[in-house]
Amino acid sequence: MNEHLSQRIFPTTQLEDADGDGHNTSANPTMGEIIGKRFSRRSFLQGSLAVSAIAATVSPIALMSADEARAADNKGSAFNFSEVEAGVDDKHHIAEGYDADILLRWGDAVLPGAPQFDPAKQTADAQSKQFGYNNDYVGFIPLEGSSEHGLLVVNHEYTNPHLMFPGLVQVVDGKIKQGALSKEQVDVEMAAHGGTIVEIRKTGGKWQVVADGKYNRRITANTPMEITGPAAGNDRLKTSADVTGTRAIGTINNCAGGVTPWGTYIMAEENFHGYFSGALPEGHKEAPNYKRYGVPEGAYEWANFYDRFDLSKEPNEPNRFGWIVEVDVMDPTSAPKKRTALGRTKHEGAESIVAKNGKVVFYLGDDERFDYVYKFVTSAAFNPNDRAANMNLLDSGTLHVAKFNEDGTMQWLPLVFGQGPLTAENGFTSQADVLIECRRAGDALGATKMDRPEDVQPNSVNGKVYVMLTNNTRRKADQVDAANPRAENAFGHIIEISENDGDFTATSGKWEVLLKCGDPSVAAVGATFSTETTKNGWFGMPDNCAVDAAGRLWVSTDGNNNKATGRTDGLWAVDTEGAARATSKLFFRVPVGAEMCGPLFTPDDETAFVAVQHPADGGEDWRGHGRPSYYEDLSTRWPDFKPDMPVRPAVVAITKIGGGKIAV
Ligand code: FEO
Ligand code: CA
Ligand code: CA
Ligand code: CA
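These figures come from a predicted structure and were not determined experimentally.

**A closer look at the overall build of the protein chain**
Consideration 1: Across its full length, the protein chain carries 10 helices and 33 strands.
Consideration 2: Per-residue burial for the protein chain yields a buried fraction of 63% across its 664 residues.
Consideration 3: In the protein chain, the proportion of contacts linking residues at least 24 apart, taken out of those at least 6 apart, comes to 66%.
Consideration 4: Carbon and sulfur atoms make up 51% of the accessible area of the protein chain, which totals about 22,100 Å².

**Regarding the coordination of the calcium ion (ligand 2)**
Consideration 1: Coordination of the calcium ion (ligand 2) by the protein involves Glu454 (OE), Asp543 (OD) and Asp558 (OD), with metal-donor separations of 2.4 Å.
Consideration 2: On the primary sequence, the residues serving as donors to the calcium ion (ligand 2) are separated as E-x88-D-x14-D.
Consideration 3: The metal-metal distance between the calcium ion (ligand 2) and the calcium ion (ligand 3) comes to 3.6 Å, with Glu454 coordinating both. Separated by 15 residues along the polypeptide, Asp543 in strand β27 (residues 542-547) and Asp558 in the loop between β28 (553-557) and α10 (562-565) bring together distant segments of the chain.

**Looking at the packing of aromatic side chains**
Consideration 1: In this structure the tally under the stated criterion is 25 aromatic pairs.
Consideration 2: Here Trp262 and Phe382 contribute two aromatic rings whose centre-to-centre distance is 6.2 Å and whose plane-to-plane angle is 35°, an arrangement assigned as tilted. Of this pair, Trp262 sits in the loop between β12 (254-259) and β13 (265-269) while Phe382 sits in the loop between β19 (373-381) and β20 (397-404); the two residues are 120 residues apart in sequence, bridging distant segments of the chain. Grouping residues by exposure puts Trp262 and Phe382 together as buried.
Consideration 3: A centroid spacing of 5.2 Å and a plane angle of 80° characterise the contact between Phe529 and Phe539, whose relative ring orientation is edge-to-face. Separated by 10 residues along the polypeptide, Phe529 in the loop between β26 (508-516) and β27 and Phe539 in the loop between β26 and β27 bring together distant segments of the chain.

**Structural notes on the pairing of strand β4 (residues 149-156)**
Consideration 1: β4 sits mainly inside the fold: 8 of its 8 residues count as buried.
Consideration 2: Alignment of strand β3 (residues 135-142) against β4, held across 6 bridges, turns out to be antiparallel. Its bridge partner being in β4, Val138 is matched across the sheet by Val154.
Consideration 3: Once β3 ends, the chain turns through 6 residues before running back antiparallel as β4, passing Glu144 with a positive phi of about 50°.

**Topic: helix α9 (residues 438-445)**
Consideration 1: Counting buried residues along α9, 6 of its 8 residues qualify, which places the element largely inside the surrounding structure.
Consideration 2: Of the residues making up α9, those classed as buried are Cys438, Arg439, Ala441, Gly442, Asp443 and Leu445.
Consideration 3: Next to the buried residues of α9 lie α7 (287-293), β18 (369-371), β19, β20, β21 (409-414) and α8 (431-436).
Consideration 4: Downstream of α9 by one or two residues, Gly446 has phi in the positive range, about 80°.

**Brief notes about the nonpolar core**
Consideration 1: In terms of nonpolar packing, the biggest core is built from 86 residues, with Tyr265, Trp302 and Leu415 touching the most fellow members.
Consideration 2: Of all hydrophobic cores here, the second largest spans 47 residues; its members include Val525, Leu553, Val590 and Ala663.

**Let's talk about the coordination of the calcium ion (ligand 4)**
For a metal with four tetrahedral donors the ideal donor-metal-donor angle is 109.5 degrees, whereas six octahedral donors ideally subtend 90 or 180 degrees.
Consideration 1: For the calcium ion (ligand 4), the full set of protein donor atoms is Glu351 (OE), Asp455 (OD), Gln457 (OE1) and Cys545 (O), at a range of 2.3 to 2.4 Å.
Consideration 2: For the calcium ion (ligand 4), the donor residues sit on a single chain with the sequence spacing E-x103-D-x1-Q-x87-C. This pair shows no difference in class: Asp455 is buried, exactly as Gln457 is.

**Regarding the pattern of salt bridges**
Consideration 1: One pass over the full model with this rule turns up 42 salt bridges.
Consideration 2: In this structure, the salt-bridge partner of Asp235 is Lys238, at a minimum N-O distance of 2.7 Å.
Consideration 3: Here Glu512 and Arg581 are joined by a salt bridge, their closest N and O atoms 3.7 Å apart. Linking Glu512 in strand β26 with Arg581 in the loop between β29 (570-574) and β30 (584-589), this pair joins segments that are 69 residues apart in sequence.
Consideration 4: Judged by its relative accessible area of 9%, Arg581 is buried.

**A word on unusual backbone geometry**
Consideration 1: Residue Pro296 is bonded to the preceding Val295 through a cis peptide linkage, with omega at 0°.
Consideration 2: Its place among the elements puts Pro296 in the loop between α7 and β14 (324-327).
Consideration 3: Phi at Asp605 is positive, roughly 60°, even though this residue is not glycine.
Consideration 4: Within the secondary structure layout, Asp605 lies in the loop between β31 (595-601) and β32 (607-613).

**Concerning the sheet that holds strand β33 (residues 650-656)**
Consideration 1: Strand order in the open sheet formed by 4 strands is β2-β33-β32-β31, and the pairing between neighbours is antiparallel. What marks the edges here is a single partner per strand, and that holds for β2 (98-105) and β31. Going across the sheet, the axis of each strand differs from the next one's by a mean of 25°, ignoring polarity.
Consideration 2: The pairing of β2 with β33 spans 7 bridges and is antiparallel. Bridging from a neighbouring strand, Asp99 pairs with Thr655 of β33.

**Examining the sheet that holds β21**
Consideration 1: Spatially, the 9 strands line up as an open sheet ordered β16-β17-β19-β20-β21-β26-β25-β24-β23, and their pairing is antiparallel. Edge positions in the open sheet fall to β16 (351-354) and β23 (453-458), since each of these has one partner strand only. Looking at each pair of strands side by side, their axes are set apart by 30° on average, direction ignored.
Consideration 2: When β21 meets β26, the two strands line up antiparallel, connected through 3 bridges. Residue pairing across strands places Thr409 opposite Lys510, the latter belonging to β26.

**Considerations on the confidence of the model for the protein chain**
Consideration 1: With 90% of its residues at a pLDDT of 70 or more, the protein chain shows a mean pLDDT of 91.
Consideration 2: In the predicted structure, residues 30-72 sits below a pLDDT of 50 and forms 88 contacts with residues beyond four places in sequence or in another chain.

**With respect to helix α6 (residues 183-192)**
Consideration 1: For α6, the buried fraction is high: 8 of the 10 residues fall into the buried class.
Consideration 2: Every buried residue of α6 is accounted for by Gln185, Val186, Asp187, Val188, Glu189, Met190, Ala191 and Ala192.
Consideration 3: In this fold, the buried residues of α6 make contact with α4 (124-127), β4, α5 (161-164), β7 (194-203) and β9 (217-219).

**Overview of the side chain of Ser556**
Consideration 1: Within the secondary structure layout, Ser556 lies in strand β28.
Consideration 2: The class of Ser556 is buried, set by a relative accessible area of 0%.
Consideration 3: For Ser556, the contacting residues outside a window of four places in its chain are Met541, Pro542, Asp543, Asn544, Gly570, Leu571, Met596, Cys597, Gly598 and Pro599.

**Quick look at the pairing of β32**
Consideration 1: The buried fraction of β32 is high, at 7 of 7 residues.
Consideration 2: Relative to β32, β31 runs antiparallel, the two being bridged by 5 bridges. Across the sheet, the residue bridging to Leu600 is Phe609, located in β32.
Consideration 3: Between β31 and the antiparallel strand that follows it, β32, lie 5 residues; Asp605 among them carries a positive phi value of about 60°.

Procedures and definitions
- Residues numbered from 1 in each chain as written.
- Chains lettered and ligands numbered in written order.
- Predicted model: local features only at pLDDT ≥ 70, side-chain atom pairs only at ≥ 80, totals over all residues.
- Heavy atoms only, no water.
- Helix = DSSP H or I, 4+ residues; strand = E, 2+ residues; numbered from the N terminus.
- Buried < 20%, exposed > 50% of the residue type's maximum accessible area, 1.4 Å probe, protein only.
- Contact = heavy atoms within 4.5 Å.
- Areas by Shrake-Rupley, 256 points an atom, 1.4 Å probe, with all protein chains shown as cover.
- Donors = N, O, S within 2.8 Å, 3.2 Å for Na, K, Ca; no water.
- Phe/Tyr/Trp six-rings, centres within 6.5 Å; stacked < 30°, edge-to-face > 60°.
- Pairing = 2+ DSSP bridges.
- Core = buried A, V, L, I, M, F, W, Y, C linked by side-chain atoms within 4.5 Å.
- Salt bridge = Lys/Arg side-chain N within 4 Å of Asp/Glu carboxyl O.
- Axes fitted to C-alpha atoms, helices over the stretch in contact; angles between N-to-C directions.
- pLDDT = per-residue confidence, 0-100.

Following this line, the structure appears as structure tokens:
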């Protein structure tokens, strides 16, 4: 979600934290003087990054020349396609020679008996059987090892009432004023959250939903779930509806996620604070905890109808969100499990890899300004021959938080109760406390405050790990450090980690900045795309990413818009190897107002699934609209373009015309 809740129209006044200011008030060092040292030694003098740095000062004319040069010779890029022209309009655009087909739109049937989508007659019952809103993470779980038949798993991160419901908005002084939601509308919102599991099949080169797929399922903000792992049953998770502290209701704000090596679906709970309202009772012991997480933000009106979202009535409910949720997709009746061993943060996602010793390593970003990067290492090894043996792997293991040093080394610090400062002296009385207040545990260990960590993706082909850091305009000059080297970092950057000895379970490693993002023709931005990158190829605000079967990196973005960059968000192919390192090319771009989520490649690299999230959320800055965008006056009616049909977030399947692997 762009700048998390800032794109949601707040029901009352704009709230103080609406733009996602950080909640990390710890005194962890920021190493203000380090930038010069680090960048003179590592970035400017080392191989391809020396070339990259030059791009920061080249003129647009030089970039045009690079454009022409690229047409004649790929200069060692691992990607072969003609890039899309960057820009803004109401449609999506895909590289020439590829199809981008709409696979699933908000409101499309997922379960048998789902009524046809009727935006004028939305009900919670209908929505709970239909594809939800604001698709974000996309995963593919092959059935019988096929790249052409499997389960698509999709998160539905949040809702945009001003785009979803007719008659809700007035424009006052050129600004959208949203009316109060009815209980029925809140119920639709709750059913539009969560996730979708749906069987899909490719026939004749085209993907289709299997309408009566036996695994098809909707998960919502009301789906019963179990709480498992070290914090399960802790007093801090108990509520009047669940005196055991082991049974949660629903999942919310599922941003990115993952698919485990044993074929379960991971849904990461991100900005959960927005759903809570009300005040804790005076002097309540959870007050410091909630302050660190920005709870409550009151962006949603759910507390008007459901007491569990009102802190004055259910003070512990926020402790039951912010977890990693695991879903057994092969049993549609199974209760999803909130795996507390992976900690409670504003989880972007949880991408995983099997290490040499068979243990499974999950990489996790906590998406808020000045928050941390984590990894979880399972205690037991993955058993590739017995799926059932892996089903509780996520309940025991060691969570670590990242400390990036100025010399290009790093440590993964264990978040283990009783070790170092994680003791009663600092308010941690058990491992449950460490996990529930994961952020405060990271503060105590001196973790490095990052520029909003989003997707963190291991690459099994080259052994590296890529960290998307989307932006942090609040970082001041005296707060820059080696791993977050730009003050007022508007465009974000990407860090590449090499774990020691190529061992993903290692507790130390090395890192360097792969890419500082933004327009390389504006020297002040300090972007470090290679000089081969064209005027279409650069991007800002990296968010999600994927590594395809060939080990190539694809980055999707959140926050490029007409005003900031003259371009929409999209999917970029980013070289990481050899002379082409830090070269980027635009493959797909989204319609106005949207953010690009997903992306995901099938194991045969012949399909890329991408999720177009919150299209039409904005349009004031685009001359094709130039005014607020809302249900009755949308900046785009993508993807149907029918006057009686609102804009609909949708998953798109990208394939090469005539078949074959993408971008080879
Ligand atoms: Fe939901 Fe971190 O983006
Ligand atoms: Ca984002
Ligand atoms: Ca995201
Ligand atoms: Ca990813």
